[in-house]
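As a plain string of letters, each chain reads:
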Amino acid sequence: QTSLLFLLSMTIWSQQEYQPVVESFEHSIALKNFSSSRGSMLTPSKDHHKYGVQSLEWKWTEPGYFSTQSFSILKQEESPLKYGNHFPSSPMLAMAIYNEQAQNENIKISSSKDGENEMYFEINLNFTGWRTIWVPYYEMQGAAPKKTEPIDINTFTVSTNATKGKLFFDDIVYSQYQDDRHP
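Note that the structure is a prediction, hence the values are computed from the model and not measured.

Caption draft 1: The layout of surface pockets, seen in detail. Put simply, the largest pocket is a space of about 260 Å³. Every residue lining the largest pocket is counted, 14 residues in all, and those nearest its centre are Gln101, Gln103, Lys164, Gly165 and Lys166. Elements supplying a minimum of two residues to the lining of the largest pocket: β4 (55-60) and β12 (165-179).

Caption draft 2: Inspection of the environment of Phe127 at higher detail. Take Phe127: it is sitting in the loop between β8 (116-124) and β9 (129-136). A C-alpha to C-alpha distance of 8.3 Å links Phe127 and Glu100, two positions 27 residues apart in sequence. In this structure Phe127 touches Ile97, Asn99, Gln101 and Ala102, once residues within four positions along its chain are discounted.

Caption draft 3: Representation of the nonpolar core. The biggest cluster of nonpolar side chains holds 34 residues, and the ones touching the most others in it are Ile97, Ile107, Ile109 and Phe169. Of all the elements in the fold, those that place two or more residues in this core are β4, β6 (89-99), β7 (106-113), β8, β9, β11 (155-160) and β12. The element that contributes the greatest number of residues to this core is β12, accounting for four residues. Those residues in contact with Ile107 that lie beyond four places of it in its chain are Trp58, Ile97, Phe121, Glu122, Ile123, Leu125, Val158, Ser159, Thr160, Leu167 and Phe169.

Caption draft 4: Spotlight on the pattern of salt bridges. All told, the structure shown has four salt bridges when counted by the stated rule. The salt bridge partner of Arg38 is Glu62, with a shortest N-O separation of 3.1 Å. Linking Arg38 in the loop between β2 (34-36) and β3 (40-45) with Glu62 in the loop between β4 and β5 (64-68), this pair joins segments that are 24 residues apart in sequence. Relative accessible area serves as the criterion here: at 65%, Arg38 is assigned to the exposed category. Residue classification places Glu62 among the partly exposed positions, given a relative accessible area of 24%. Ionic pairing is found between Asp152 and Lys113, a salt bridge with its closest N-O pair at 3.4 Å.

Caption draft 5: Geometry of the sheet that holds strand β10 (residues 141-142). As summarised here, the arrangement of the six strands in space is β2-β5-β11-β7-β8-β10, forming an open sheet in which the pairing is antiparallel. At either end of the open sheet lies a strand with only one pairing partner, and these are β2 and β10. With three bridges connecting them, β2 and β5 associate as antiparallel partners. Counted as the bridge partner of Ser35 is Ser67 from β5.

What counts and how
- Residues numbered from 1 in each chain as written.
- Predicted model: local features only at pLDDT ≥ 70, side-chain atom pairs only at ≥ 80, totals over all residues.
- Heavy atoms only, no water.
- 1 Å grid on protein atoms, 1.4 Å probe; cavity = no way out; pocket = protein on both sides within 12 Å on 5 of 7 lines; lining within 4 Å.
- Points joined across faces, edges and corners; volume = space filled by probe spheres on them.
- Helix = DSSP H or I, 4+ residues; strand = E, 2+ residues; numbered from the N terminus.
- Contact = heavy atoms within 4.5 Å.
- Core = buried A, V, L, I, M, F, W, Y, C linked by side-chain atoms within 4.5 Å.
- Buried < 20%, exposed > 50% of the residue type's maximum accessible area, 1.4 Å probe, protein only.
- Salt bridge = Lys/Arg side-chain N within 4 Å of Asp/Glu carboxyl O.
- Pairing = 2+ DSSP bridges.

In short, geometric facts, not functional conclusions.
In structure tokens:
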């Protein structure tokens, strides 16, 4: 009985402290930590998924966004660097995006700390199928750090000025260090 009570309390605690390094949208709690604008709908979807059995489907009917503050970023010593600290490495963002219908519009992917020091980049939606992206934070626009500098972010946002669309997101790695020789 003590073990069951401990397990239950750990589950409740972990739900309150859900801070994934990689968001794969496999757990029902994941979407509870996202917010979106009016005209945006976020749902788990089995229609298209890169890994696991589902992804995040974002459907919007007016310019909008979705955002989360529930994630963790890896420090250099926690990142899976093949050669350790032998070569310079920097924090980067990675994710998979699926687009069913190409359009001549952009999405903006941004990270910031308390709404300030925004780092961002844009992706044109003129493709169909999966696109896996790896973007070093030092290559982003805005308040990008220098190579090898750590980042301090607490908000991740995807936004668009497109009047409508639908995208699927899978395996978002909010920040891990990557060897600078292979951005």
